[in-house]
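Chain and residue survey
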Amino acid sequence: MVKFICYFLCLVVCGNSGVAQVKLVKPVKTRAKTTNLAIGFGAAKSVLYLNRNVKENNDASGLQASLVYGGSNIFRFSFEYTFYRPINIAPTWYDIKASTFEANMHVIARFKNTDAIFYPLIGISYNTFSGFFTGKNDFLNLVNKYKPNQRAVTQWLGVNIGTGYELFLKRVSFFLDYKMRVGFTDGKKQLNIVDVCFGGGIRYNLKAPSIYKLFRGTRSRYLLQ
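Keep in mind that this is a model prediction, so the values were computed, not measured. (Residues numbered from 1 in each chain as written. Predicted model: local features only at pLDDT ≥ 70, side-chain atom pairs only at ≥ 80, totals over all residues. Heavy atoms only, no water.)

**Considering the packing of aromatic side chains**
In the structure shown here, the tally under the stated rule is nine aromatic pairs. Geometrically, the ring pair formed by phenylalanine 133 and tyrosine 146 is edge-to-face, given 6.1 Å between the ring centres and 65° between the ring planes. Here tyrosine 146 lies in the loop between strand E6 (116–133) and strand E7 (150–169) and phenylalanine 133 lies in strand E6, a separation of 13 residues in the sequence. Among the residues examined, phenylalanine 133 registers a relative accessible area of 0% and is labelled buried. Through pairs of rings, three or more aromatic residues link up here, namely Tyr49, Trp93, Phe129, Phe133, Tyr146 and Trp156. (Phe/Tyr/Trp six-rings, centres within 6.5 Å; stacked < 30°, edge-to-face > 60°. Helix = DSSP H or I, 4+ residues; strand = E, 2+ residues; numbered from the N terminus. Buried < 20%, exposed > 50% of the residue type's maximum accessible area, 1.4 Å probe, protein only.)

As structure tokens, this is what we get:
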């Protein structure tokens, strides 16, 4: 009986030690320590305000500056400012000055054999339309909102929807964008396409700490490379 108890205790101890040696190794989660930071300049073309600018070939051209952050994964973010040169929509509007601030998110799709990306985008924009309103040929009845023969300012929020393409040549890249801006026009409660615009230009790409690295802190003296 004593021998049986000894054998049983040995089996229990050996079994427990065998189980204790089995370890589950979890895969190590790695996060990118760096990402891309791009500074861009370019040109843009826009109808400014679609239901007001009904004339053909009367798009406004302007200059654009942008800052793009991210791209180490499938998302990146852009912040852009565009200032348009003055145009006229005779005989109703003259000396129209317009500008746009916007923030967009890009969803990146990469090409296999080309150092280029394609990106659907979505974002928000703050748009300003300022011009001298004469009240003539006012088919939108804006005279109920603005006094004739005075300068009138319209500011509106838009939702950006569009696509873009960017080709990289080392640290320099060339991009093209197409955007539609959806918003409320002239006090109406129905959403409409207010603006359609194209843009393109050049960007210079740097390496910068990723968001994960920024929150974890860094010992490097130089954040950009």
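**A look at the side chain of threonine 35**
Summarising the element assignment, threonine 35 is placed in strand E1 (residues 34–46). In this view, threonine 35 contacts Tyr69, Gly70, Gly71, Ser72, Leu206, Lys207, Ala208, Pro209 and Ser210; residues no more than four positions away in its chain are not counted. (Contact = heavy atoms within 4.5 Å.)

**Here we look at the side chain of threonine 92**
On the secondary structure map, threonine 92 appears in the loop between strand E3 (75–89) and strand E4 (93–107). The buried category is assigned to threonine 92, whose relative accessible area is 10%. Only 2.7 Å separates the side chain of threonine 92 from the backbone oxygen of lysine 136, close enough to count as a polar contact. Excluding anything up to four places from it in sequence, threonine 92 contacts Phe132, Phe133, Thr134, Gly135, Lys136 and Asn137. (Polar contact = N/O pair within 3.5 Å; in protein donor to acceptor, adjacent residues only side chain to side chain.)

**So, the environment of alanine 43**
Counting through the fold element by element, alanine 43 comes out in strand E1. For alanine 43, a relative accessible area of 41% gives the class partly exposed. Sequence separation between alanine 43 and threonine 82 is 39 residues; the distance between their C-alpha atoms is 8.4 Å. Apart from the residues lying within four places of it in its own chain, the contact partners of alanine 43 are Gly62, Phe198, Gly199 and Gly200.

**Topic: the nonpolar core**
Leu48, Tyr84, Trp93, Ile96, Phe129, Phe133 and Tyr146 are the most contacted members of the largest nonpolar core, which has 18 residues in total. Mapped onto this core, the elements with two or more residues apiece are E3, E4, E6, E7 and strand E9 (191–209). With sequence-adjacent residues up to four places away left out, leucine 48 is seen in contact with Ala60, Tyr84, Ile87, Ile96, Ala98, Phe129, Trp156, Val194 and Asp195. (Core = buried A, V, L, I, M, F, W, Y, C linked by side-chain atoms within 4.5 Å.)

**Considerations on the pattern of salt bridges**
The full count for this structure, using the stated rule, is eight salt bridges. The closest approach of N and O atoms between arginine 76 and glutamate 166, which form a salt bridge, is 2.6 Å. Placement of the pair is arginine 76 in strand E3 and glutamate 166 in strand E7, with a sequence separation of 90 residues. Taking relative accessible area as the criterion, arginine 76 reaches 4% and is therefore assigned buried. Measuring nitrogen to oxygen at the nearest pair gives 3.5 Å for the salt bridge that ties arginine 151 to aspartate 95. Of the two residues, arginine 151 is situated in strand E7 and aspartate 95 in strand E4; the sequence distance between them amounts to 56 residues. Exposure remark for arginine 151: the relative accessible area of 39% places this residue in the partly exposed category. (Salt bridge = Lys/Arg side-chain N within 4 Å of Asp/Glu carboxyl O.)

**Focus on the pairing of E4**
Two strands pair when backbone bridges link them, and E3 and E4 are joined in this way by 12 bridges, in the antiparallel orientation. By the bridge assignment for E4, phenylalanine 83 is matched with serine 99. If you look at the hairpin formed by E3 and E4, you'll find three residues sitting between the two strands. Relative to E6, E4 runs antiparallel, the two being bridged by 12 bridges. Residue pairing across strands places methionine 105 opposite isoleucine 122, the latter belonging to E6. (Pairing = 2+ DSSP bridges.)

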